[in-house]
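# Architecture and fold: a report
For reference, the chains in residue letters:
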Amino acid sequence: MAYRILLLCLSVAVAAARGDVVPRGYRLDLYPYPGDGVFKGRVRIDVVWTGTGDGEGPKQVNLHADPSLNVLDREVTISRLADTESSEEDETEGEQVSLSVAKVERQNQTFSIHLSQPLQRDATYQLDLQFDGTLGADPSHAFFQNSYTDQASGDKRWFVALNLKPYRVRHVFPCFDIPELKTWIELSVAHKSEFHILSSMPVTDTTNVTTEGVWVREHFSRTPPMSVNSLALFISDFPQPISNNYLQTDGIRVAVWGRTDFVTALSKAQQLLPTVMVSLEIYLSRPYPLPQLNLVALPGFTDDNPVNAWGLQLFKESDLMNGNTFWLSHRLAKAAAMQWLNHLTTPTSNSCVTPGLANYLATIVAKQLEQQNIYHWHLTGLHSLYLEYGKPKSSYMNPNQKEALCSSKVQIFLSMLDQVLTSHTFKTGIQNFLSKKEFKMYEDKELWSALSDQAHQDETLAKTVTVSEIAQSWLDRERLPLLTVTRNYDKDTIIVLQEPFINHLESRWTPAKVVKKPSPPEQFWWLPLVVLKEPDSEESLGNISTTPTTWLRPDLHELTLEQFSDDLKYIVVNPGSIGPFLVNYDEENWHLLSNKVSTLPDSVRTQLLHDALTLALSGQLPTTTALNMTVFLRREQSAVVWKTFYPLADRLRKQFQGTAAAKPLDEYIQALVTPVLEALGEETDKSPIWRTDFRTKTRHLLCAAGHPACVEHAQTHYARWLSSPTPDSGMPLAGSLLCSVFSHGTAEEWEFGMQRLLHFPSNRSSVERTFLLKTLAGCSREPEQYQRILNITLLGDITNETFSEADKFAALTAMSGDVTGCTALFNFLSENWKPLKKRMSANLWEYFIQVSLGRFRTEEGLTMVTELVAEKKGQFGLAEKTAEESVETVQAQVAWAEANSGPVEAWLRDALDKPWPPHRFKFQDILVLARTRKFG
């Protein structure tokens with residue numbers, strides 16, 4: 001009865017807005033024929049017209065049907081049911097009155113049924129249509145078939161699945177293909193008896209289609225109101241999971257499915273899924289709305305985003321296989337969160353707010369379930385965002401990369417709200433939002449409104465400010481903020497200035513001594529200003545408050561705060577990166593911080609290290625100042641801090657390649673990190689996953705810095721691949737070891753890797769091949785090696801394009817990070833100008849010009865670039881401006897290297913010459929990351 005009332009409300013609301021005929025329910029019968037590649041079906045749609053006014057009802061019903069779907073025009077019928085309630089019972093009950101169909105008409109995606117008499121207001125009618133179509137060959141189709149080979153028998157095994165995204169249901173059956181028209185669906189599917197079938201709801205009945213029972217039809221329970229594109233279907237011969245898990249809270253059945261020879265690799269996912277579901281139910285204060293949830297590890301599926309339907313999701317096999325507990329829990333929790341956020345309630349647009357919120361909920365759950373973790377996801381994600389959003393010009397990204405970047409930005413923004421509004425306010429706001437919008441559509445602004453209402457009620461946000469305003473300032477901009485804090489030690493004040501963060505080393509770097517104010521008309525961000533002042537004693541530091549002193553408004557670029565200065569004590573703004581923005585300070589405050597950083601909490605040490613090195617890498621802080629913030633690492637016991645340091649140190653290495661500071665920098669990194677690797681010890685079967693991951697990342701940085709023992713370790717593991725009788729079947733070593741072998745190993749080892757790329761089997765994941773290509777492109781040593789990679793990727797056989805456009809972008813990006821690679825790119829451009837310009841797309845050509853000309857840091861490189869740009873002036877096409885800007889970029893890089901290389905080399909030599917007292921590292925097996933908050 002509750003669904004009936006809700007359904008009427010939904011129908012009336014939509015009809016009032018549209019004045020249209022709307023669906024009241026679907027009865028869908030499907031007959032897929034796997035192997036034959038076809039399907040047929042029948043759909044009966046209960047519809048009602050709830051129009052207003054005194055006029056006559058419509059004589060036409062418009063459905064959506066793709067031209068590829070064959071609807072049997074002569075079999076289309078419509079009848080009026082006895083009353084509006086009879087659609088809730090079996091369709092054979094009650095008297096039905098048939099209406100005459102005058103004609104049917106197709107135009108593009110519309111299938112129109114013309115009637116000889118008008119529909120009556122509020123009466124329920126049933127459309128009856130039969131159809132057939134072709135099954136697609138891969139998940140890009142709405143209804144597809146595929147196969148895998150059974151390893152035991154060698155037989156081909158077929159499976160069939162739906163992948164119904166918004167406005168694609170019309171490829172499968174005639175319908176009202178509009179997500180907001182939510183209603184119930186009753187599904188039945190005919191299939192061979194040896195297959196198992198999964199859908200959104202459980203099976204209620206099975207009947208024989210053939211006398212012998214070779215074909216059967218399974219009938220599924222009626223769904224709650226849902227968008228038609230939420231419907232799920234998967235048919236396969238996968239075995240029933242060994243254990244059927246039921247949630248203790250409400251008896252919901254959850255299971256993980258896979259092919260027979262892979263199902264044992266899914267045991268950890270099967271074990272974790274019930275706990276993940278219960279954790280989400282508790283956090284959201286909403287029970288999972290369906291009786292079941294099934295996750296499937298799909299053979300041959302390579303998309304990073306699972307097929308997301310209600311009650312059923314399809315993943316690539318590697319995403320569900322046994323492995324790192326934290327990230328497996330995270331993937332399961334994100335998938336489960338989408339059941340609430342994408343199906344129970346459904347977004348009206350394809351914005352990145354929904355996946356961003358799912359990501360954040362998944363992180364909360366994963367951190368609850370996996371206490372043995374050292375994943376500071378907040379700063380890891382922030383580092384990636386600043387890398388991309390700090391670029392002077394946007395680089396090429398495919399749609400999946402753009403969505404991932406945007407959802408990461410949303411996730412970190414939500415983390416900021418969780419802290420500054422308090423976790424209680426944030427969680428209650430999310431719960432209220434779901435309570436109001438279940439079985440309905442929602443816009444992003446309704447989520448922000450729910451959070452605002454709760455924050456105002458709890459008095460954690462001024463009533464003059466809304467979360468929607470704050471969100472708009474963050475999510476509508478493709479840059480992130482930089483906050484510059486300057487202390488006036490005489491007047492006891494601090495001046496804060498916000499501006500967009502831009503990596504000056506990728507544009508036109510100049511020594512920055514005076515901070516320029518941005519132009520007043522530009523609108524910036526809502527920034528929560530949380531200030532940590534040095535306490536009177538280290539013992540009194542206590543918990544760090546996340547309550548803002550004030551907010552810096554978008555129209556207020558500069559603000560002065562009173563009574564915040566003491567010339568003998570430090571201040572930290574945005575401690576622990578509460579908000580996703582970098583903070584720069586005056587030179588004296590950086591000095592005070594470098595002397596006391598080791599006394600600060602883990603999260604603040606991590607933030608200061610991250611901000612200092614990121615600012616130095618963008619030309620906005622002297623590198624020697626940033627290096628002062630690394631001295632405390634000699635005694636650092638927190639793995640989180642080390643793992644934040646590693647990628648930044650690797651970038652710093654690349655920044656100084658080709659300068660006099662390069663060698664001492666590698667020596668400094670080795671001196672810092674070698675004791676860490678020794679303390680972590682050798683890998684054993686009992687090593688916790690966090691320690692294994694930490695060891696891998698530690699070794700990776702040491703290998704990049706040329707540590708001899710590290711390179712030898714990598715070569716030892718690589719030898720297993722060299723001696724494998726089937727080297728093209730897969731890599732029997734960690735991918736992180738490859739770079740060390742390719743860059744520091746023998747020519748024979750490099751050639752073996754190149755042959756694996758050239759003979760990469762078509763039945764293996766293209767993601768693995770792209771990884772191998774990127775590693776070869778970014779880790780080679782000789783100019784001839786780079787030349788070969790460029791030849792096969794950019795000038796290969798045009799009739800048989802082996803590498804995608806995205807592969808080529810990835811290879812160029814990897815190659816441009818190395819000094820030898822930059823020179824190789826430049827020479828390749830000079831020697832192959834005409835064929836490259838002819839073969840490349842406009843985007844790829846422009847990017848190639850950018851990376852082949854704009855990465856030099858020496859006077860010699862500047863001369864080469866200047867002469868080539870002058871020689872080819874007017875021949876660059878759409879990349880003409882990029883070429884001209886490259887000269888300015890290289891000039892900036894040369895100026896930066898001249899200004900920084902000498903002081904950095906001197907700093908490093910001095911640090912290495914001083915005695916380093918031995919220190920014993922003890923990394924605990926349980927490291928719980930917790931953010932402290934001040935409530936109230």
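Above this text you will find the structure in question.
Parameters and conventions
- Residues numbered from 1 in each chain as written.
- Predicted model: local features only at pLDDT ≥ 70, side-chain atom pairs only at ≥ 80, totals over all residues.
- Heavy atoms only, no water.
- Helix = DSSP H or I, 4+ residues; strand = E, 2+ residues; numbered from the N terminus.
- Phe/Tyr/Trp six-rings, centres within 6.5 Å; stacked < 30°, edge-to-face > 60°.
- Buried < 20%, exposed > 50% of the residue type's maximum accessible area, 1.4 Å probe, protein only.
- Lys NZ or Arg CZ within 6 Å of the ring centre and 35° of its normal.
- Axes fitted to C-alpha atoms, helices over the stretch in contact; angles between N-to-C directions.
- Parallel < 35°, antiparallel > 145°, perpendicular 65-115°, else oblique.
- Left-handed = near helix turned anticlockwise from the far one by under 90°.
- Contact = heavy atoms within 4.5 Å.
- Nonpolar A, V, L, I, M, F, W, Y, C, P; charged D, E, K, R; others polar.
- Pairing = 2+ DSSP bridges.

### So, the environment of E459
In this fold, E459 is placed in the loop between helix 9 (444-458) and helix 10 (467-475). C-alpha of E459 to C-alpha of L421: the two residues are 38 residues apart in sequence and 8.8 Å apart in space.

### Structural notes on the packing of aromatic side chains
Applying the stated rule across the entire model yields 30 aromatic pairs. Here F159 and F234 contribute two aromatic rings whose centre-to-centre distance is 5.9 Å and whose plane-to-plane angle is 45 degrees, an arrangement assigned as tilted. Here F159 is found in strand 11 (residues 156-162), whereas its partner F234 is found in strand 16 (residues 233-236), with 75 residues between them in sequence. For the pair F159 and F234, one class covers both residues: buried. Judged by centre distance (5.0 Å) and plane angle (85 degrees), the rings of Y386 and F501 are edge-to-face. One end of the pair, Y386, is in helix 6 (residues 377-389); the other, F501, is in the loop between strand 25 (493-500) and strand 26 (527-529), with 115 residues separating them in the sequence. Across this residue pair, the class does not change: Y386 and F501 are buried. One aromatic cluster is present, built from ring pairs that chain together Y148, F159, F234 and F238. Between K40 and the ring centre of Y31, over which it is positioned, the NZ or CZ distance is 5.3 Å.

### Some words on the packing of helix 25 (residues 842-853) against helix 27 (residues 880-913)
Running from N to C, helix 25 and helix 27 point in directions that differ by 20 degrees, and their axes come no closer than 9 Å. Between helix 25 and helix 27, the angle falls in the class roughly parallel. Read as a crossing pair, helix 25 and helix 27 show a hand that is right-handed. Seen from helix 25, the contacting residues are E846, I849, Q850 and L853; seen from helix 27, they are T882, A883, S886 and V890. Taken together, the residues that form the contact of helix 25 with helix 27 break down as 4 nonpolar, 3 polar and 1 charged.

### Looking at the sheet that holds strand 8 (residues 110-115)
An order of 3-8-7 is seen for the 3 strands of this open sheet, with the pairing classed as antiparallel. Of all strands in the sheet, those with a lone pairing partner are strand 3 (60-64) and strand 7 (101-107), marking the two edges. Neighbour to neighbour, the strand axes of the sheet diverge by 20 degrees on average, direction disregarded. Here 6 bridges tie strand 7 to strand 8, and the two strands are oriented antiparallel to one another. Within strand 8, the residue paired with R106 across the bridge is F111.

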